[in-house]
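# Observations on the model geometry
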Amino acid sequence: MRAVIHSTFGEAAEVLEVAERPQPEPAAGEVRVRTVLAPIHNHDLSTIQGTYGYKPVLPAATGTEAVGVVDALGEGVESLSIGQRVAAGGVFGVWSEYFVARAASLIPVPDAVSDETAAQLISMPFSALALLDFLDVQPGEWIVQNTANGAVGKLVAQFAAARGVRVLGLVRRDAGVDELAALGIQDVVSTESGDWRERAAAILGDDAPRAAVDSIGGTAAGDLLSLLGEGGTLVSFGAMGSGTMKLSSGMLIFKQATVKGFWGGRVSQTMDAATRGALFGELMQRIVSGEVTLPAGDVFPFEQAREAAAASAVPGRAGKVLLRF
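Cut-offs used in this document
- Residues numbered from 1 in each chain as written.
- Predicted model: local features only at pLDDT ≥ 70, side-chain atom pairs only at ≥ 80, totals over all residues.
- Heavy atoms only, no water.
- Helix = DSSP H or I, 4+ residues; strand = E, 2+ residues; numbered from the N terminus.
- Contact = heavy atoms within 4.5 Å.
- Core = buried A, V, L, I, M, F, W, Y, C linked by side-chain atoms within 4.5 Å.
- Buried < 20%, exposed > 50% of the residue type's maximum accessible area, 1.4 Å probe, protein only.
- Pairing = 2+ DSSP bridges.
- Axes fitted to C-alpha atoms, helices over the stretch in contact; angles between N-to-C directions.
- Parallel < 35°, antiparallel > 145°, perpendicular 65-115°, else oblique.
- Left-handed = near helix turned anticlockwise from the far one by under 90°.
- Nonpolar A, V, L, I, M, F, W, Y, C, P; charged D, E, K, R; others polar.
- Expected span 1.5 Å × (residues − 1).
- Salt bridge = Lys/Arg side-chain N within 4 Å of Asp/Glu carboxyl O.

## Concerning the environment of Asp115
Counting through the fold element by element, Asp115 comes out in helix H3 (residues 115-118). Spatially, the C-alpha atoms of Asp115 and Gly50 are 30 Å apart, while their sequence positions differ by 65 residues. Residues contacting Asp115, with those up to four places away along its chain left out, are Val36, Leu37, Val67 and Arg85.

If you want it as structure tokens, here you go:
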């Protein structure tokens with residue numbers, strides 16, 4: 001079979017290549033999946049750069065999420081059937097014509113869900129929903145997040161709205177406010193405006209966020225802390241701008257704030273089966289009902305993985321860039 005690999009760490013647009021690899025055989029409890037579509041995530045690009053929490057041995061396969069069709073069953077697998085469409089997330093090396101995965105880790109895809117949606121059904125949506133669950137906010141309470149127009153930011157806002165949780169979103173550009181408004185996401189403020197703090201205060205009124213989600217780092221984390229209510233929790237979800245969070249010791253002390261990290265992959269691994277099942281049930285319900293949408297961007301043949309990676313890095317793109325196999 002053919003697979004997208006990299007023999008060195010670096011920018012995906014420079015180091016990805018297509019190579020022949022042995023077709024895998026499923027072991028007991030596993031299935032082999034023929035890949036149809038796979039999205040390009042930021043964590044995929046970071047892994048290829050060698051800067052993510054997981055660093056593979058070179059030469060390395062890559063990709064962590066896909067939709068495909070069950071092609072072969074390992075011994076003892078009865079929950080899935082050959083020809084069934086499934087979604088896989090957190091399975092390393094899916095940017096290939098075939099991959100194997102534990103049968104229990106795969107999600108059967110309903111006919112009402114398109115390949116383009118199913119391909120990105122798990123990693124970002126489940127991370128966003130698990131993050132919302134991690135924040136432990138109740139209907140009517142507020143959270144505040146930066147990069148509100150990012151993939152996870154949009155999903156958090158949609159899942160939160162469905163749960164009755166209020167979200168104050170921060171974006172870096174004025175155009176980001178209009179972008180989110182077009183998706184029906186309100187209560188968004190651009191930090192490009194000098195009076196953004198006043199605008200944020202006007203939206204919150206007498207309320208204060210119980211939790212804040214930082215995906216940037218640097219001074220942006222401090223901006224979130226300044227909006228957080230007493231006893232609130234600031235969660236580090238990413239570090240797009242800086243690997244260091246710049247926080248005021250005084251604010252931390254007098255707000256009695258808590259700072260935590262959130263790594264979706266680790267949270268998913270350690271989550272109990274009942275919670276995991278409930279969240280996946282909610283996720284599928286929201287997707288099928290249309291309460292949560294997963295727009296797809298450009299689709300590239302996997303032989304053009306370098307070009308696809310470059311397109312994925314372009315700011316302001318409308319949806320996830322996908323690889324077709």
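## Some thoughts on unusual backbone geometry
The omega torsion of the bond from Leu58 to Pro59 falls at -10°, within 30 degrees of zero and hence cis. Turning to its location among the elements, Pro59 is positioned in the loop between helix H2 (42-49) and strand S4 (60-61). Notably, Thr147 is not glycine yet its phi reads approximately 45°, a positive angle. Take Thr147: it is sitting in the loop between strand S9 (142-145) and helix H5 (151-163). Even without a glycine there, the phi angle at Gln256 is positive, about 50°. Within the fold, Gln256 resides in the loop between helix H9 (249-255) and strand S14 (258-261).

## Topic: the nonpolar core
Core analysis: the biggest nonpolar cluster contains 43 residues, and Leu121, Phe126, Leu135, Ile143, Phe159 and Leu283 have the highest contact counts within it. For this core, the elements supplying multiple residues, two or more each, are strand S3 (30-39), strand S5 (65-73), helix H4 (123-135), H5, strand S12 (211-214) and helix H11 (273-289). Ranked by residues supplied to this core, first place goes to H4 with 8 residues. Leaving out residues up to four positions away in the same chain, Phe126 has contacts with Leu121, Ser268, Met271, Arg276, Leu279, Phe280 and Leu283.

## Here we look at the environment of Val177
Within the secondary structure layout, Val177 lies in helix H6 (residues 174-181). Of the residues examined, Val177 reaches a relative accessible area of 24% and is grouped as partly exposed. With 29 residues separating them along the chain, Val177 and Ala148 place their C-alpha atoms 9.1 Å apart.

## Some points on the sheet that holds strand S2 (residues 16-20)
If you walk across this open sheet you meet the 3 strands as S2-S1-S4, and the pairing is antiparallel. The sheet terminates laterally at S2 and S4, the two strands that pair on one side only. With 5 bridges joining them, strand S1 (residues 2-6) and S2 adopt antiparallel strand pairing. Bridge pairing links His6 to Leu16 in S2.

## Quick look at the packing of H4 against H11
Two quantities define a packed helix pair, namely the angle between the axes and the distance from one axis to the other. At a minimum axis distance of 10 Å, the contact between H4 and H11 shows a crossing angle of 120°. As judged from the angle between their axes, H4 and H11 are oblique. Handedness of the H4/H11 crossing: right-handed. Only Thr275, Arg276, Leu279, Phe280, Glu282 and Leu283 of H11 make contact with H4, whose side of the interface consists of Pro125, Phe126, Leu129, Ala130 and Asp133. Of the residues contributing to the contact of H4 with H11, the split by class is 7 nonpolar, 1 polar and 3 charged.

## Structural notes on the sheet that holds S12
Spatially, S11-S10-S9-S12-S13-S14 is the arrangement adopted by the 6 strands of the open sheet, whose pairing is parallel. Each edge of the open sheet carries a strand with a single partner, namely strand S11 (188-190) and S14. Going across the sheet, the axis of each strand differs from the next one's by a mean of 20°, ignoring polarity. Pairing of S9 with S12, which is carried by 3 bridges, proceeds in the parallel orientation. In the strand pairing of S12, Ile143 is matched with Ala211. Lying on the sheet, H5 is in contact with S9 and strand S10 (166-171); it crosses S9 at an angle near 170°. Relative to the sheet, helix H7 (residues 196-204) contacts S9, S10 and S11, its axis offset from that of S11 by approximately 170°.

## Section: the environment of Gln304
Its place among the elements puts Gln304 in the loop between strand S15 (296-301) and helix H12 (305-312). Sequence-wise, Gln304 and Val292 are 12 residues apart; in three dimensions their C-alpha atoms are separated by 30 Å.

## Looking at H4
Two residues of an α-helix separated by three or four positions point the same way, owing to the 3.6 residues in each turn. Between its first and last C-alpha, H4 extends 18 Å over 13 residues, near the 18 Å set by a 1.5 Å rise per residue. Listed as buried for H4 are Ser123, Met124, Pro125, Phe126, Ser127, Ala128, Leu129, Ala130, Leu131, Leu132 and Leu135. Once H4 ends, the next one or two residues include Asp136, with phi positive near 55°.

## Description of the pattern of salt bridges
Pairing is possible between side chains of opposite charge, provided their charged atoms come close. Summed over all chains, the structure comprises 17 salt bridges. With a shortest N-O distance of 3.8 Å, Arg210 and Asp136 are connected by a salt bridge. Within this pair, whereas Arg210 is found in the loop between H7 and S12, its partner Asp136 is found in the loop between H4 and S9, the two being separated by 74 residues in sequence. In this structure Arg210 comes out as partly exposed when scored by relative accessible area, which is 34%. The structure contains a network of salt bridges with shared partners spanning Asp133, Arg163, Glu282, Arg286 and Glu291.

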